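Observations on chain architecture
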Amino acid sequence: MAEAKPNDAHGAQDATRRDFIFIAAGSAGAVGAAATIWPFVAQMNPAADTRAMSTTEVDLSAIVLGQQIKVMWQGKPVFVRHRTPAEIAAAQRDDYATLKDPQHDAERIAQENGEAGKPEWLILQANCTHLGCVPTFVEGSSFGGWFCPCHGSDYDTSGRIRRGPAPTNLPPAPYLFVNDTTIRIG
Amino acid sequence: MSGPSTYEPKSGLTRWLDKRLPIIRLAHDSFVAYPTPRNLNYWWTFGAMLSLCLVVQIVSGIVLAMHYIPHVDHAFASVQRIDRDVPYGWLIQNIHSVGASMFFLAVYIHMFRGLYYGSYKAPREVLWILGCIIYALMVVTGFLGYTLPWGQMSFWGATVITNILGAVPFIGESIQVWIRGGGSIDQPTLNRFFSLHYLLPFVIAGVVALHVWALHESGQNNPTGVEVKSKADTVAFTPYATAKDLFATTLFLILFATFVFYMPNALGHADNYIPANPLQTPPEIVPEWYLLPFYAVLRAIDFNIGPIDSKLGGVIAMFASIGVLFVLPWLDTSKVRSMRYRPIARQFFLIFVVVCLALGWCGGQNPGKILLPATFSATLNWVEGGQVATQAIEAPGESQFDETAAATRASLTQGGAAMVMIQRLNATDASVTSVSGGAAQSRTVTAATQDELEAEIQHLKDEVGARTPFFSVARNIPFTFTVTTFSQILTLYYFLFFLVILPILGLRETPGRVPDTIAKPVTA
Ligand code: HEM
Ligand code: FES
């Protein structure tokens, strides 16, 4: 370009300076546009109050042996199950069965901070790992645990996937024992 | 391709306006004098119906928005209130919900028309792509709109679809949270879905304007697929096309009104009259009828493809099934536009239409449903009577467990045990039960499904009961032709049609005789 305009009043350097200004202004404009778009995109992320709602306390003393309750945590259902000795035994025995997503029962009941949980309390996120339905606990189902009505995934008494389309186990919900009969989820 | 404008303002006022904003001229050139191919058939009337549908959705939607409350506690009730208490609310609500279905009905016919007559080929590629963009926007708008009444299907449909996005590697979860505005479908989701559902129809209107602009630039295709060559090939838009469009649209409106007044809920799912409940999944989750084919494609991929797991594979297939339409102009290699003169392509096209309908059927079925009868069987062996012995074994370490178990089994069998059962208790321990002597028994049970088979096995076990300490069960699970298998075949054809059949056939097929001009066969 410098040669194309030999008679430029400002000399041969001018064209390259102009190129520089173009590129500099263009880049500044692009950065500015990106910086402007960012808040408009980021505003869709969870708001502070939505994130603040993120713990749920559960009083365990109300849940009798062999029963479970569903509680809401961050808008999602969570199973809190009081397991019977038979369920616990089955869950531990099946640590060695052929599993799609191998995991030991002990890891699944562990608390958020890594401390061991109590075998009789199983705290699971309740959405089927396939497409998110809520499975139901079916007494005497093929693997003794939950069955998802949507596409027929079977979970065992530890919430591990045993049959059906779901790819992974029901994920344990992060929880801590606040005292002997209360847990805090989240 | 309207050539020079033929508009002549007649009064002083229109002459004055024409110099300042030639809007009447634009309307005249586009919708009155505009030359249309003289051989257009009724498949060309759906564009007009689509324009009407868009207006109907926008007008009825704006009215609904005056009464609707986008809040998880009030949304369901506010829609019920529109239906019951708002003057004529029932009518306007029905028009809007039935209208969505009618819109899709018309757009599918419009698209199949384009496919059959090769309307996507040069010089109409951009016109076609704009159409695909409109269609994609319609799908998103329809999905967002279905969430708003906050019934069970609204809630769970939104849950399933946003879960699907979570399958995208690495960023899936962030996208999911970003779209939901939280960990799950909740108030933030409903609020933004309402905002976007209000916005998108206007975006569609903008793209439709581009679509019609592109149409007027390249001119309409026609049933022969031969380009307009002279004035003899065309007639004026008004009155010819206008009258035809109006007549067809009237028939369309009769169908529309039949649904609105006599069966407003026929196209929806009854479960959406149950308020959304995040703790309770409905027995089946299905989208609206017009999205069923894509739902079937999504679920057809129930196997992993190398590093791509089945869930992600399904998502890719679903997006690809719409994405492939965008590149269609470059996939079809045939020089002949209209399938009227492509005898072989026409057969494949007809199969394609049937495949799309069949995919829609599959999308509404339980994917595990067995379509061709199969026999599941299981053979149970047990020993009645005899000596039962129980012992505990312990392997030296977790990794040696299998060895230890096999050795125990072998030694017991050698020692005369008829059957041995080893039940692992933990990493190294197992309890071993064996029977020697007694009478060996065997029975085979059969059933039509795996669940029934399990029930049969349980039944037999209960019957034999305490007469034996344990059973050995050998299951024989046959290959079954399920709705999923069927969807897989259909999905395969869907993609083969675009990616293999059209590209190869265009080069190989001998087309029929294409007329030289549009006018020739019509006026002859
Ligand atoms: C809101 C939705 C839509 C509206 C209002 C609309 C409107 C129209 C109108 C008025 C025409 C001219 C009349 C006709 O040929 O029927 C047309 C033509 C056309 N449309 Fe659409 N359309 C829509 C969606 C689509 C979609 C989803 C596609 C394809 C993916 C598409 C592809 C085409 C093509 C290829 C033509 C030219 C047809 C030809 O001349 O043979 N349109 N559209
Ligand atoms: S959502 Fe549970 S099996 Fe599909």
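Not measured: the values here are computed from a predicted model.

1. Quick notes on the coordination of the iron atom of ligand 1
Residues and elements named next belong to chain B. Ligation of the iron atom of ligand 1 by protein atoms is provided by His110 (NE2) and His211 (NE2), these donors lying 2.1 to 2.2 Å from the ion. One can describe the site at the iron atom of ligand 1 as irregular: its six donor atoms subtend angles covering 76 to 179° at the metal. With His110 in helix 5 (residues 89–116) and His211 in helix 9 (residues 187–218), the pair connects residues that are 101 residues apart, well separated along the chain. Each member of the pair, His110 as well as His211, is classed as buried.

2. Digging into the environment of B:Lys231
Residue and element names in this part refer to chain B. For Lys231, the location among the structural elements is in the loop between helix 9 and strand 2 (234–236). For Lys231, a relative accessible area of 75% translates into the label exposed. Linking Lys231 and Arg38, residues 193 residues apart in sequence, is a C-alpha distance of 9.8 Å.

3. Some details on the confidence of the model for chain A
Looking at chain A as a whole, the pLDDT averages 86, with 92% of positions reaching at least 70. Across chain A, the secondary-structure element scoring lowest on mean pLDDT is helix 2 (residues 48–52) of chain A, at 80, and the one scoring highest is strand 4 (residues 121–125) of chain A, at 94.

4. Describing the interface of chain A and chain B
The interface is formed by 26 residues belonging to chain A together with 34 residues belonging to chain B. Summed over both sides, the interface between chain A and chain B buries roughly 2,500 Å², with carbon and sulfur atoms accounting for 60% of that surface. Of all residues in chain A, A:Met44, A:Tyr96 and A:Leu131 bury the most surface against chain B, accounting for 28% of the area lost on that side. Across the contact surface, chain A and chain B share zero salt bridges. At the junction of chain A with chain B, the criterion picks out eight residue pairs in polar contact (both at pLDDT 80 or more). Elements represented by at least two residues in the side of chain A that touches chain B include exactly strand 2 (68–73), strand 3 (76–82) and helix 3 (85–93) of chain A. Counted by class, the side of chain A that touches chain B contains 11 nonpolar, 11 polar and four charged residues.

5. As for the domain arrangement of chain A
Assigned domains within chain A: domain 1 (11–45) and domain 2 (50–185). Here domain 1 of chain A and domain 2 of chain A have C-alpha centroids that lie 52 Å from each other.

6. Side note on unusual backbone geometry
Residue and element names in this part refer to chain B. Note the cis peptide between Ala122 and Pro123, where omega equals 5°. For the peptide bond that leads from Thr238 to Pro239, omega is 10°, which places it in the cis range. Here Pro239 shows up in helix 10 (residues 237–262).

7. Describing the site of ligand 1
Residue and element names in this part refer to chain B. If you check the shell around ligand 1, you find 22 residues, and the closest are His110, Ser119, Gly131, His211 and Asn221. Side-chain polar atom of Arg113 to an oxygen atom of ligand 1: 3.0 Å apart, as the coordinates give it. Here an oxygen atom of ligand 1 and a side-chain polar atom of Ser119 are 2.6 Å apart. Contributions of two or more residues to the shell around ligand 1 are made by helix 3 (46–65), helix 5, helix 6 (125–147) and helix 9. With six residues, the top contributor of residues to the shell around ligand 1 is helix 6. Across the shell around ligand 1, the residue classes tally to 13 nonpolar, eight polar and one charged.

8. Focus: the nonpolar core
Formed by 118 residues in total, the largest nonpolar core has its most connected members in B:Tyr135 and B:Phe498. The contacts of B:Phe498, once residues within four sequence positions are left out, are B:Leu115, B:Val324, B:Leu325, B:Leu328, B:Leu331, B:Phe352 and B:Pro503. Counting 14 residues, the second-largest nonpolar core is a separate cluster that includes A:Val71, A:Val78, A:Phe177 and A:Ile183.

9. Overview of the packing of aromatic side chains
In total, this model carries 38 aromatic pairs over all chains according to the counting rule given. A centroid spacing of 4.4 Å and a plane angle of 20° characterise the contact between B:Phe352 and B:Phe497, whose relative ring orientation is stacked. Of the two residues, B:Phe352 sits in helix 13 (residues 343–363) while B:Phe497 sits in helix 16 (residues 483–508), which places them 145 residues apart along the sequence. In terms of burial, B:Phe352 and B:Phe497 fall into one category: buried. The interplanar angle of 80° and the centroid separation of 5.2 Å between the aromatic rings of B:Phe352 and B:Phe498 together place this pair among those described as edge-to-face. Taken together, the residues span a long stretch of sequence, with B:Phe352 in helix 13 and B:Phe498 in helix 16 at a distance of 146 residues. Its relative accessible area of 2% is what places B:Phe352 among the buried residues. Clustering of aromatic rings is evident, with ring pairs tying together B:Trp44, B:Phe112, B:Tyr116, B:Tyr117, B:Phe349, B:Phe352, B:Tyr493, B:Tyr494, B:Phe495, B:Phe497 and B:Phe498. The ring of A:Phe177 carries A:Lys118 above its face, with NZ or CZ at 4.4 Å from the centroid.

10. Thoughts on the sheet that holds strand 10 (residues 182–185) of chain A
For sheets, the rule is that strands pair by backbone hydrogen bonds, running either parallel or antiparallel. Residue and element names in this part refer to chain A. The antiparallel open sheet is built from three strands, whose spatial order is 1-10-9. Either end of the sheet is taken by a strand with one partner, and the two such strands are strand 1 (56–59) and strand 9 (175–179). Across this sheet, the average inter-strand angle for adjacent strands is 30°, counted without regard to direction. Sheet analysis places strand 1 next to strand 10, joined by four bridges and oriented antiparallel.

Reading the values: rules and limits
- Residues numbered from 1 in each chain as written.
- Chains lettered and ligands numbered in written order.
- Predicted model: local features only at pLDDT ≥ 70, side-chain atom pairs only at ≥ 80, totals over all residues.
- Heavy atoms only, no water.
- Donors = N, O, S within 2.8 Å, 3.2 Å for Na, K, Ca; no water.
- Tetrahedral: all angles 85-135°; square planar, octahedral: opposite > 155°, others 65-115°.
- Helix = DSSP H or I, 4+ residues; strand = E, 2+ residues; numbered from the N terminus.
- Buried < 20%, exposed > 50% of the residue type's maximum accessible area, 1.4 Å probe, protein only.
- pLDDT = per-residue confidence, 0-100.
- Contact = heavy atoms within 4.5 Å.
- Buried area = accessible area lost by both parts, 1.4 Å probe.
- Salt bridge = Lys/Arg side-chain N within 4 Å of Asp/Glu carboxyl O.
- Polar contact = N/O pair within 3.5 Å; in protein donor to acceptor, adjacent residues only side chain to side chain.
- Nonpolar A, V, L, I, M, F, W, Y, C, P; charged D, E, K, R; others polar.
- Domains from an automatic or database assignment.
- Near = heavy atom within 4 Å.
- Core = buried A, V, L, I, M, F, W, Y, C linked by side-chain atoms within 4.5 Å.
- Phe/Tyr/Trp six-rings, centres within 6.5 Å; stacked < 30°, edge-to-face > 60°.
- Lys NZ or Arg CZ within 6 Å of the ring centre and 35° of its normal.
- Pairing = 2+ DSSP bridges.
- Axes fitted to C-alpha atoms, helices over the stretch in contact; angles between N-to-C directions.

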